[in-house]
Amino acid sequence: MLEESAAGAEVTAAEVARLAGVGRAAVSNWRRRHADFPKPAGGTETSPSFALAEVEDWLRAQGKLAEVPLRERVWQQICAHPGGAVPALVEAGAALLVVRDRPTDWLELTAVSDARMAVLLRPVLGQVLAARLGAGHPLAAAAPRPAAMPLLRAAARLAAELGARKGFEFLLRRHLDASPRQYTLTPDGLAELMAALAGPGARTVLDPACGTGTLLRAVPGATALYAQDSSPELAALATLRLALHGSAQVRAAAADSLRADAHPRPPVDTVLCHPPFNERNWGHEELAYDPRWEYGFPARTESELAWVQHALAHLREGGTAVLLMPPAVAARRSGRRIRADLLRRGALRAVVALPAGAAPPYGIPLHLWVLRRPAPVAAPPAGLLLVDTAAAAADGRSRTAWPAVHGTAEAAWTAYERTGTVEEVPGVSRVVPVIELLDDDVDLTP
């Protein structure tokens, strides 16, 4: 069944190299030296693809392929799905939830034919998904296709090898790596830093622009995760990724958070968000009288300040939000009145400048804004914490750089949280009195 399902799949030269356990240069050599190497079946002249079945036959004939690794076989089945990789990942992820949460039921389901398995799987799948995602979630109502059963069986074998969570992470990562221009990803190191700045008390957490769920996945100990993304594909992938990651209840929706907020209640402990940057069509015309604009109506060019206020509106009193921001938001004149009100009322607590290369777009040093929903009777803090982590790492994309960036930012924020001030480190961290920032520019650049 595996061979039949992969018959129409195509692989790149890099994937041929993985199948054979060699470097990509070896595949280039084979193509030049062996006239019987399979001809391209698709792709482009500079990046051709080859029929998987033909490649496997050739590798076996050359004695270069004893057995295709299971993870590669499952990935090729994902690629061969008639609807594309994302529907295949969704089907596999839903099945992996059953494998993890109802292992005995899964063994009984796989003891029958594919057609019978599809019939028996539907109610079990619906129960498992409803229990984790909530009754009425679209994924819980989807009927499994008999044609998908070979993929689901293979995914279950991968779970036996790696575990259900790691199996899905492997497949998802392969898809993201194969489509680098399709997604704007939040690096894991940045997600861990943002979760750390949010603090240890995050039990209910919202990400209104969740992407693949990286930020919510970084929060330890959460009991409820609320996710929303305007892309139905990303919302579905994030939903299953989060459900497989832990035991928290997952509530996810596919819609534009600013125009169609799916999680207005209840207020949450924490909001983490990597919003889209520099959007002009964020809803400026239709949202002019929205109650979320407590600190001022954002200009058309200030979509990021709309996301900031969306986050604050969803927090309980004393709750914390951490948002990734382009540096222009800290100084654009069109946003100075909103920045000033955020400072006066004590909602904005810290601005942390990251090294250039920490996250896409990699050419500019992005900022983290740490905000807190003020309590009505609490006095606002007298100063804003400014931190510049550029000296901690020369290149934020380096794995070894994140511990230094993380340590610098978290140490300053922890001290500020405890005492309301920090010992100034020239060029790195300082608490600036709010009164000094409330000038004509209200420039918050660290």
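Small disclaimer: the values here were computed from a predicted structure and weren't measured.

Draft legend 1. Structural view of the sheet that holds strand β4 (residues 204-207). Sheet architecture is open: nine strands sit in the order β6-β5-β4-β7-β8-β10-β9-β11-β12, paired in mixed fashion. Of all the strands in the sheet, just β6 (249-254) and β12 (429-433) have a single pairing partner and so form its edges. Averaged over all neighbouring strand pairs, the angle between strand axes comes to 15 degrees, with direction disregarded. Bridging between β4 and strand β5 (residues 224-229) involves four bridges; their strand directions are parallel. Looking at β5, one finds that D207 is bridged to A227. Running over the sheet, helix α14 (residues 232-245) touches β5 and β6 and is turned about 175 degrees from β6.

Draft legend 2. How the structure looks around the packing of helix α5 (residues 70-79) against helix α11 (residues 164-178). Where α5 meets α11, the closest approach of the two axes is 10 Å, and the angle between their N-to-C directions is 60 degrees. The pairing of α5 with α11 is recorded here as oblique in orientation. Crossing of α5 over α11 shows right-handed handedness. Taken together, the residues of α11 that come into contact with α5 (itself represented by R71, E72, V74, W75 and I78) are F170, L171, R174, H175 and A178.

Draft legend 3. Structural detail: the packing of aromatic side chains. Using the criterion set out here, one finds six aromatic pairs in the structure. Residues W30 and W58 carry aromatic rings whose centres are separated by 5.6 Å and whose planes lie at 50 degrees to one another, so their mutual orientation is tilted. Of the two residues, W30 sits in helix α3 (residues 24-33) while W58 sits in helix α4 (residues 52-61), which places them 28 residues apart along the sequence. Pair check on accessibility: W30 and W58 agree, each one buried. Three or more aromatic residues link up through ring pairs in this structure, and these residues are W30, F37, F50 and W58. Positioned above the aromatic ring of F170 is the side chain of R71, whose terminal nitrogen or guanidinium carbon lies 5.3 Å from the ring centre.

Draft legend 4. View of the side chain of Q228. With respect to the helices and strands, Q228 occurs in strand β5. Among the residues examined, Q228 registers a relative accessible area of 1% and is labelled buried. Here the side chain of Q228 touches S257 through a polar contact of 3.5 Å, side chain to side chain. Among the polar contacts made by the side chain of Q228, one reaches the main-chain carbonyl oxygen of A260 at a distance of 2.8 Å. Once residues within four sequence positions are removed from consideration, Q228 is found in contact with D207, P208, A209, C210, A253, A255, D256, S257, A260, D261, A262 and H263.

Draft legend 5. Up close: unusual backbone geometry. For the peptide bond that leads from R265 to P266, omega is -5 degrees, which places it in the cis range. Following the sequence through the fold, P266 ends up in the loop between β6 and β7 (268-273). Cis geometry is found at the peptide bond from P360 to P361, where omega equals -5 degrees. For P361, the position within the fold is in the loop between β9 (348-353) and β10 (367-372). One non-glycine residue with positive phi stands out, namely N278, at about 55 degrees. Tracing the chain through its elements places N278 in the loop between β7 and α15 (303-313). Here V442, not a glycine, exhibits a phi torsion of approximately 50 degrees, which is positive.

Draft legend 6. Expanded view of the sheet that holds strand β3 (residues 48-51). If you walk across this open sheet you meet the three strands as β1-β3-β2, and the pairing is antiparallel. Looking at which strands have only one partner, the edges of the open sheet turn out to be β1 (10-12) and β2 (42-43). Pairing geometry for β1 and β3, over three bridges, is antiparallel. Within β3, the position partnered with E10 by the bridge is A51. In this fold helix α2 (residues 13-20) packs onto β1 and β3, with an angle of close to 95 degrees to the strand it touches most, β1.

Draft legend 7. A look at the nonpolar core. Ranked by internal contacts, the top residues of the largest apolar core, which has 93 residues, are I78, W106, L129, L272, L368 and L385. Looking at this core element by element, the count peaks at twelve residues for helix α6 (residues 85-101). Those residues in contact with L272, other than ones at most four positions away along the chain, are M194, A195, A198, V205, L206, D207, P208, L215, V219 and V322.

Draft legend 8. Geometry of the confidence of the model for the protein chain. Residues at a pLDDT of 70 or more form 95% of the protein chain, whose mean pLDDT is 91. Across residues 1-7 the pLDDT falls below 50, and counting only partners more than four positions away or on other chains, this stretch makes 15 contacts in the model.

Draft legend 9. Broad picture of the pattern of salt bridges. Using the criterion set out here, one finds 23 salt bridges in the structure. Between D256 and R259 there is a salt bridge; the shortest N-O distance is 3.1 Å. Assessed through its relative accessible area of 26%, D256 is described here as partly exposed. A relative accessible area of 33% places R259 in the partly exposed class. Between E294 and R345 there is a salt bridge whose closest N-O contact spans 2.6 Å.

Draft legend 10. Quick peek at α4. Among the residues of α4, those classed as buried are L52, V55, E56, W58 and L59. An end-on view of α4 places all buried positions within 165 degrees of arc, on one side of the element. Of the exposed residues in α4, the ones pointing more than 90 degrees away from its buried face are D57 and A61. Residues of α4 that are buried make contact with β1, α2, α3, β3 and α5. Looking one or two residues past α4, G63 carries a phi angle of roughly 70 degrees, positive in sign.

Calculation notes
- Residues numbered from 1 in each chain as written.
- Predicted model: local features only at pLDDT ≥ 70, side-chain atom pairs only at ≥ 80, totals over all residues.
- Heavy atoms only, no water.
- Pairing = 2+ DSSP bridges.
- Helix = DSSP H or I, 4+ residues; strand = E, 2+ residues; numbered from the N terminus.
- Axes fitted to C-alpha atoms, helices over the stretch in contact; angles between N-to-C directions.
- Contact = heavy atoms within 4.5 Å.
- Parallel < 35°, antiparallel > 145°, perpendicular 65-115°, else oblique.
- Left-handed = near helix turned anticlockwise from the far one by under 90°.
- Phe/Tyr/Trp six-rings, centres within 6.5 Å; stacked < 30°, edge-to-face > 60°.
- Buried < 20%, exposed > 50% of the residue type's maximum accessible area, 1.4 Å probe, protein only.
- Lys NZ or Arg CZ within 6 Å of the ring centre and 35° of its normal.
- Polar contact = N/O pair within 3.5 Å; in protein donor to acceptor, adjacent residues only side chain to side chain.
- Core = buried A, V, L, I, M, F, W, Y, C linked by side-chain atoms within 4.5 Å.
- pLDDT = per-residue confidence, 0-100.
- Salt bridge = Lys/Arg side-chain N within 4 Å of Asp/Glu carboxyl O.
- Arc of directions from axis to C-beta.

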